[in-house]
Amino acid sequence: MIPIQPLTPFNTIPTSPTVDIPDINSKKSDRLQKKLLHYMGKAIADYNMIQTGDRVMVCLSGGKDSFTMLDLLTNLRNKTNNKFEILSFTLDQAQPGWQDDKLRAWLENKKIPYVILNRDTYSIVKEKIPENKTYCSLCSRLRRGIIYKYAKDHGFNKIALGHHRDDLIESLLLSIMYNGEIKSMPPKLLTDDKQHIVIRPLTYCQEKDIVQYQKIKQYPIIPCNLCGSQKNLARNKVKKLINTLAQENPKIPSNILHAIGNIKPSQLMDHSLWDFKNLKIE
């Protein structure tokens, strides 16, 4: 295990860097990358996600979001003279048809250190979860356990996940409507066992920008045969609801994100926050 050096505040991340990209020529494409870098840099600064000396394990699932996150973090790392360390971590869940040759080639071409770990969680999920039930919960728990263990065993003090703005706001509405709770995905999280700090650098980035960006970059996407194969997920319904409302008022998605960080406890009805039965005038 490589010892983690004492950390100092990481305040040198540029919010709007100029980047030379030989494979992107159009002004539109250049503006898009600058926009994503700006919002990633702002999220990192706002929540102090990365500090000098950090060892960041970047979870690369093979999807557009994690590819974008890793690409942008690598860009920012280069711009800060390598003040933090990056490792790309991919979990091969033994899904049928899994092919990571192009992913490996992409990482090697970028000179990004990486690990691809094989663990057959696919069979467990398929065995335990009926076809008409959602795979996501069990699948994510299994993945999380493996990721946390690898980070702890190899001395990584930060774990970066590729959830973006739309993931956060959809999770809030899903939790309210299907679980009766007000919660979402925090930009920065200390795990329950206090052993890991999870960060989400794409917190301010919009999915539509990531979709366009990956079309430009042509990442070697690896499709998911678990949750990606289920078409009638509640998350898809919530996504459609938000998009429909946003057609009438484009500010709705950003307003929902703002609401996650603008809680008014006195305007809610949680008995753990207020002793309503004994509330009296002072």
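Residues numbered from 1 in each chain as written. Predicted model: local features only at pLDDT ≥ 70, side-chain atom pairs only at ≥ 80, totals over all residues. Heavy atoms only, no water.

Some words on the overall build of the protein chain
Helix and strand content of the protein chain: nine helices and six strands. Out of the 282 residues belonging to the protein chain, those deemed buried represent 44%. Put simply, 77% of the contacts in the protein chain that link residues at least 6 apart link residues at least 24 apart. Of the roughly 16,400 Å² of accessible surface on the protein chain, a fraction of 52% belongs to carbon and sulfur atoms. (Helix = DSSP H or I, 4+ residues; strand = E, 2+ residues; numbered from the N terminus. Buried < 20%, exposed > 50% of the residue type's maximum accessible area, 1.4 Å probe, protein only. Contact = heavy atoms within 4.5 Å. Areas by Shrake-Rupley, 256 points an atom, 1.4 Å probe, with all protein chains shown as cover.)

So, the packing of helix H1 (residues 27-46) against helix H2 (residues 64-79)
Running from amino to carboxyl end, H1 crosses H2 at an angle of 80°, the nearest separation of the two axes being 10 Å. Looking at the two axes, H1 sits roughly perpendicular to H2. Across the interface between the two elements, Gln33, Leu36, Leu37, Met40 and Ile44 from H1 touch Thr68, Met69, Leu72, Leu73, Asn75 and Leu76 from H2. Split by residue class, the contact of H1 with H2 holds eight nonpolar, three polar and no charged. (Axes fitted to C-alpha atoms, helices over the stretch in contact; angles between N-to-C directions. Parallel < 35°, antiparallel > 145°, perpendicular 65-115°, else oblique. Nonpolar A, V, L, I, M, F, W, Y, C, P; charged D, E, K, R; others polar.)

Remarks on the pairing of strand S3 (residues 114-118)
As defined by bridge partners, strand S2 (residues 85-92) adjoins S3 across five bridges and the pair is classed as parallel. Within the sheet, the bridge partner assigned to Phe89 lies in S3 and is Val115. Following the backbone out of S2, through helix H3 (residues 101-110) and into the adjacent parallel S3, one traces a crossover that is right-handed. (Pairing = 2+ DSSP bridges. Right-handed = clockwise from strand over helix to strand, strands pointing away.)

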